[in-house]
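Observations on chain architecture
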2 protein chains.
Amino acid sequence: MHDFDQTYLDSASLENGGSAATGREGVSPAVIKRLPRYYRYLRELIRQDKLRISSRELSQMMNVTASQIRQDFNCFGGFGQQGYGYNVKYLYVKISEILGVNRHFRAIIVGAGNLGRALGRNPMFAKRGVVPTAMFDVNPDLIGQTVGDLPVLSIDELEAYLAEHHTDIAVLTLPKEVAAEAALRLARAGVKGLWNFTGRELMLDEFDVCIENVHLGDSLMTLCYELNLM
Amino acid sequence: MHDFDQTYLDSASLENGGSAATGREGVSPAVIKRLPRYYRYLRELIRQDKLRISSRELSQMMNVTASQIRQDFNCFGGFGQQGYGYNVKYLYVKISEILGVNRHFRAIIVGAGNLGRALGRNPMFAKRGVVPTAMFDVNPDLIGQTVGDLPVLSIDELEAYLAEHHTDIAVLTLPKEVAAEAALRLARAGVKGLWNFTGRELMLDEFDVCIENVHLGDSLMTLCYELNLM
């Protein structure tokens, strides 16, 4: 991990009192979907010690138009492009704030099967400021193990754990047949974000919960569609 | 696995001579992205022995408008809605053909780390007609193992393997630092589809290759963005 994350983000939070959620009501989902990609490219630029970048340079790197980039950034006030382009660190800090990287959301992984364990060891969380704290499963052979740094706890302990450990995100990597029940338990226990790998789409209209569904199979099928056209 | 897949798809292929790629030049990427979701819901309806479904019923299940569904299906000739809705099996067969499920694309997994092994054991491939045949890695401790049914071979054997075993898709689950080199080797050896989990976006303009990038971190960040607004 690179220490620059914490240094930049903490200083930025202090400057503006830690508040980032201002003036973003009208931002379209398409723009929001593109923000994490900007975040990735800006991390790479910082790693390369690049201090400033023009929208034209960024557009060539990312293979989108410079006009698109300016439009996207204007949704958030424009990030102060002047003279020769954007200040890379400032842009990185601002986009990190918008994405909540400096919030250090805490996560649990529900389902310690192959995918859950692969995610539990994945540096992706740390790179995005998310802190996994534990995994849960029903399998007695897995309970008591650790995966990376994460203890695997019994699903029976879920509510007790959540009552003691503030948790923002639950990563659902359990079988789809039990996805809805687990989601309900998590929502009732106050978890506000579900990252859902189960393949079962979840409806929790009665709760104020954000759900992000990951359908890996859909992505595979999109590739197959393209191959089928060749 | 359910045998209905093969029975339906083989009979459909015979009917129209196996060709599915007709009249689809103008279909928008947004429509294509929605097809795998229709595929999932239709599988579920078949499992429930549902024979016919109206666009209104399907729209309620899927939480999209009936008009959207009809517009999407009209891109492919409409799938013969008449009287009370669509014939579920016919719709499933037609969408399967468009997505190439009946092509039985053959895949290798390049990178036998945590994510590669989790994917290697995942039923997702079989459910979508894709046949994984082998995994590749550089790690001598992994080479010679089997993951599920898949042998883990040395990356040094990659070209020799591909020369002997027709392979449509390579799943890239190796470190991002070596992603570009591996992609180039695969493209040179004639692999036409790359399913890229490395987090490094790949450019292979000089080859006729389809690339589907999966950025799990971007999906996590989208969830964090929503949580940050709460």
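Residues numbered from 1 in each chain as written. Chains lettered and ligands numbered in written order. Predicted model: local features only at pLDDT ≥ 70, side-chain atom pairs only at ≥ 80, totals over all residues. Heavy atoms only, no water.

**Remarks on the domain arrangement of chain A**
Residues and elements named next belong to chain A.
- Annotation of chain A at the domain level lists domain 1 (3-99) and domain 2 (104-218).
- Here domain 1 meets domain 2 over a buried area of about 390 Å², counting both sides, of which 36% is carbon and sulfur.
- Linking Glu212 and Lys33 is a salt bridge whose minimum nitrogen-to-oxygen distance equals 3.3 Å.
- On inspection of domain 1 and its partner domain 2, the count reaches three residue pairs in polar contact (both at pLDDT 80 or more). (Domains from an automatic or database assignment. Buried area = accessible area lost by both parts, 1.4 Å probe. Salt bridge = Lys/Arg side-chain N within 4 Å of Asp/Glu carboxyl O. Polar contact = N/O pair within 3.5 Å; in protein donor to acceptor, adjacent residues only side chain to side chain.)

**Regarding helix α5 (residues 88-99) of chain B**
Residues and elements named next belong to chain B.
- The end-to-end C-alpha separation of α5 is 16 Å, in line with the 16 Å expected for twelve residues at 1.5 Å each.
- Counting buried positions along α5 yields ten of twelve residues, so the element is predominantly enclosed.
- A positive phi of about 75 degrees marks Gly100, the residue just after α5. (Helix = DSSP H or I, 4+ residues; strand = E, 2+ residues; numbered from the N terminus. Expected span 1.5 Å × (residues − 1). Buried < 20%, exposed > 50% of the residue type's maximum accessible area, 1.4 Å probe, protein only.)

**Some words on the sheet that holds strand β8 (residues 193-196) of chain B**
Residue and element names in this part refer to chain B.
- Here we have seven strands laid out as an open sheet, ordered β5-β6-β4-β3-β7-β8-β9, and mixed in their pairing. Among the strands making up the open sheet, the edge pair consists of β5 (146-147) and β9 (210-213).
- Looking at chain direction, β8 and β9 are connected through four bridges and run parallel. By the bridge assignment, Gly193 is partnered in β9 with Cys210. (Pairing = 2+ DSSP bridges.)

**What about the interface of chain B and chain A?**
- Facing the 67 residues of chain B at the interface are 67 residues of chain A.
- With both sides pooled, the region where chain B packs onto chain A buries about 5500 Å², and carbon together with sulfur makes up 65% of that total.
- Contact with chain A buries surface across chain B, with Met221, Tyr225 and Asn228 of chain B losing the most and accounting together for 14% of the total.
- Between Arg40 of chain A and Glu201 of chain B there is a salt bridge, and its shortest N-O distance comes to 2.8 Å.
- Inspection of the region where chain B meets chain A yields 24 residue pairs in polar contact (both at pLDDT 80 or more).
- For the side of chain B that touches chain A, the secondary structure elements donating two or more residues are α2 (29-47), α5, α6 (114-120), α7 (124-127), β8, β9 and α10 (216-229) of chain B.
- The element that contributes the greatest number of residues to the side of chain B that touches chain A is α10 of chain B, accounting for 14 residues.
- Here the residues of the side of chain B that touches chain A sort into 38 nonpolar, ten polar and 19 charged. (Contact = heavy atoms within 4.5 Å. Nonpolar A, V, L, I, M, F, W, Y, C, P; charged D, E, K, R; others polar.)

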